[in-house]
Amino acid sequence: KDPRLSPASLRSQLDVAIDELNSQMAKTGRALGFSYDEVAGQPVVKVMNKESGELLRQIPGEAVLRVAHSIESLKGVIYSNFI
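Once that is clear, we can look at the overall build of the protein. Tallying secondary structure elements over the protein gives two helices and three strands in all. Secondary structure elements of the protein occur, N-terminal to C-terminal, as α-β-β-β-α. Within the span of the protein, comprising 83 residues, buried residues form 12% of the whole. Within the protein, contacts between residues at least 6 apart in sequence are counted, and of these 15% link residues at least 24 apart. Accessible area of the protein: about 6,400 Å², with a carbon and sulfur share of 61%.

So, in structure tokens, the structure goes:
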């Protein structure tokens with residue numbers, strides 16, 4: 001097995017890439033932010049108004065993330081009811 005493909009290693013590489021993207025965006029003065037939503041298991045990109053700090057757009061949208069979080073919490077409820 002290639003240790004570079006382990007979940008922990010891939011997550012670490014993703015964190016480094018996110019930090020690098022955020023650093024590069026800060027240097028260029030662009031109002032883009034990158035993060036990773038642990039519960040939804042996907043990257044999140046935010047476009048901000050540089051002057052006001054207002055969130056202009058988020059990909060995926062907040063509603064999509066709320067649904068993903070709700071599904072995750074329901075998994076626990078469903079699982080515990082069948083044990």
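With 22 residues, helix α1 (residues 7-28) should reach 32 Å at 1.5 Å per residue; the first-to-last C-alpha distance of 32 Å fits that figure. Within α1 the residues assigned to the buried category are S9, I18 and M25. Of the surrounding secondary structure, the elements contacted by the buried residues of α1 are β1 (32-37).

Here we come to the side chain of D37. With respect to the helices, strands and loops of the structure, D37 is situated in strand β1. Nearest to the buried, unbridged D37 among oppositely charged side chains is K46, at 8.5 Å. There is a polar contact of 3.1 Å between the side chain of D37 and the backbone nitrogen of V39. Separated by 3.0 Å, the side chains of D37 and H69 make a polar contact. Setting aside chain neighbours within four positions, we find D37 in contact with Q42, V44, L65 and H69.

In spatial order, the strands read β1-β2-β3; together these three strands make up an open sheet with antiparallel pairing. Whereas interior strands pair on both sides, the edge strands pair on one side only; in this sheet they are β1 and β3 (55-59). Here the strands of the sheet are splayed against their neighbours by 20 degrees on average, with no regard to which way each runs. Bridge count between strand β2 (residues 42-48) and β3: four bridges; the pairing is antiparallel.

Taken together, L74, V77 and I78 make up a surface patch of nonpolar side chains, about 260 Å² in accessible area. Inspection of the secondary structure puts I78 in helix α2 (residues 62-81).

What counts and what doesn't
Residues numbered from 1 in each chain as written. Predicted model: local features only at pLDDT ≥ 70, side-chain atom pairs only at ≥ 80, totals over all residues. Heavy atoms only, no water. Helix = DSSP H or I, 4+ residues; strand = E, 2+ residues; numbered from the N terminus. Buried < 20%, exposed > 50% of the residue type's maximum accessible area, 1.4 Å probe, protein only. Contact = heavy atoms within 4.5 Å. Areas by Shrake-Rupley, 256 points an atom, 1.4 Å probe, with all protein chains shown as cover. Expected span 1.5 Å × (residues − 1). Lys, Arg positive; Asp, Glu negative; His and termini not counted. Salt bridge = Lys/Arg side-chain N within 4 Å of Asp/Glu carboxyl O. Polar contact = N/O pair within 3.5 Å; in protein donor to acceptor, adjacent residues only side chain to side chain. Pairing = 2+ DSSP bridges. Axes fitted to C-alpha atoms, helices over the stretch in contact; angles between N-to-C directions. Patch = residues over 30% accessible without salt bridge, like charges linked within 9 Å, V, L, I, M, F, W, Y side chains within 5 Å.

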